[in-house]
Amino acid sequence: MDIKLTPDTEKRLRGPIQRFVSEEYGVSLGDLGADTFLRFCLVELGPAIYNQAVADAQACVQERVSELSDICFADESDYWDKGAKKKVARKPLAGRPLGGR
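Residues numbered from 1 in each chain as written. Predicted model: local features only at pLDDT ≥ 70, side-chain atom pairs only at ≥ 80, totals over all residues. Heavy atoms only, no water.

## Digging into the packing of aromatic side chains
Okay, step 1: Applying the stated rule across the entire model yields 1 aromatic pair.
Okay, step 2: Both rings, one in Phe20 and one in Tyr25, keep their centres 6.2 Å apart while their planes meet at 80°; by these two values the pair is edge-to-face.
Okay, step 3: On the basis of relative accessibility, which here comes to 59%, the residue Tyr25 falls in the exposed class. (Phe/Tyr/Trp six-rings, centres within 6.5 Å; stacked < 30°, edge-to-face > 60°. Buried < 20%, exposed > 50% of the residue type's maximum accessible area, 1.4 Å probe, protein only.)

Right, dumping it as structure tokens:
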């Protein structure tokens, strides 16, 4: 898998790469050297970092999906249960047409 960065991102990363190499190794690195180092990191390290990020995202999504059963289900068939709890008096329909007239 090729990881591609925008030219602006590559340009923005040159400075931190150059500073890191200078402070850690005492070596001055030009733009070409920083770009080469960045390409090396993208090819060699990028896929491992990408794969870990995808695995982390999958775990996060799976955790959220497992929580759906706690928040997305409503009690079914509780119309009569609510009426029975309230002890609603119901008049018999015998002798009356449907519709209450």
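## Considering a nonpolar patch on the surface
Okay, step 1: A cluster of nonpolar side chains, namely Val61, Val65, Leu68 and Ile71, defines an oily patch on the protein surface of about 370 Å² accessible area.
Okay, step 2: Of all the secondary-structure elements, those providing two or more residues to the nonpolar patch are helix 3 (46-66) and helix 4 (68-71).
Okay, step 3: When you line up the elements, Val65 lands in helix 3. (Patch = residues over 30% accessible without salt bridge, like charges linked within 9 Å, V, L, I, M, F, W, Y side chains within 5 Å. Areas by Shrake-Rupley, 256 points an atom, 1.4 Å probe, with all protein chains shown as cover. Salt bridge = Lys/Arg side-chain N within 4 Å of Asp/Glu carboxyl O. Helix = DSSP H or I, 4+ residues; strand = E, 2+ residues; numbered from the N terminus.)

## A word on the packing of helix 1 (residues 7-25) against helix 2 (residues 31-44)
Okay, step 1: For the pair helix 1 and helix 2, the least separation of the axes is 9 Å and the interaxial angle reads 100°. One finds that helix 1 runs roughly perpendicular with respect to helix 2. Along the contact surface, helix 1 presents Glu10, Leu13, Arg14, Ile17 and Gln18, while helix 2 presents Asp31, Ala34, Asp35, Phe37 and Leu38.
Okay, step 2: Class assignment of the residues belonging to the contact of helix 1 with helix 2 gives a composition of 5 nonpolar, 1 polar and 4 charged. (Axes fitted to C-alpha atoms, helices over the stretch in contact; angles between N-to-C directions. Parallel < 35°, antiparallel > 145°, perpendicular 65-115°, else oblique. Contact = heavy atoms within 4.5 Å. Nonpolar A, V, L, I, M, F, W, Y, C, P; charged D, E, K, R; others polar.)

## As for the pattern of salt bridges
Okay, step 1: Evaluation of the coordinates by the stated rule reveals 3 salt bridges.
Okay, step 2: Note that Glu23 is salt-bridged to Arg19, the shortest N-O span being 2.7 Å. Note that Glu23 and Arg19 are positioned in helix 1 at a spacing of 4 residues, about one turn of the helix. Each member of the pair, Glu23 as well as Arg19, carries the same accessibility label: exposed.
Okay, step 3: With a shortest N-O distance of 3.8 Å, Arg64 and Glu67 are connected by a salt bridge.
Okay, step 4: By relative accessible area, Arg64 is classed as exposed at 56%.

Honestly, it's all geometry; don't read function into it.
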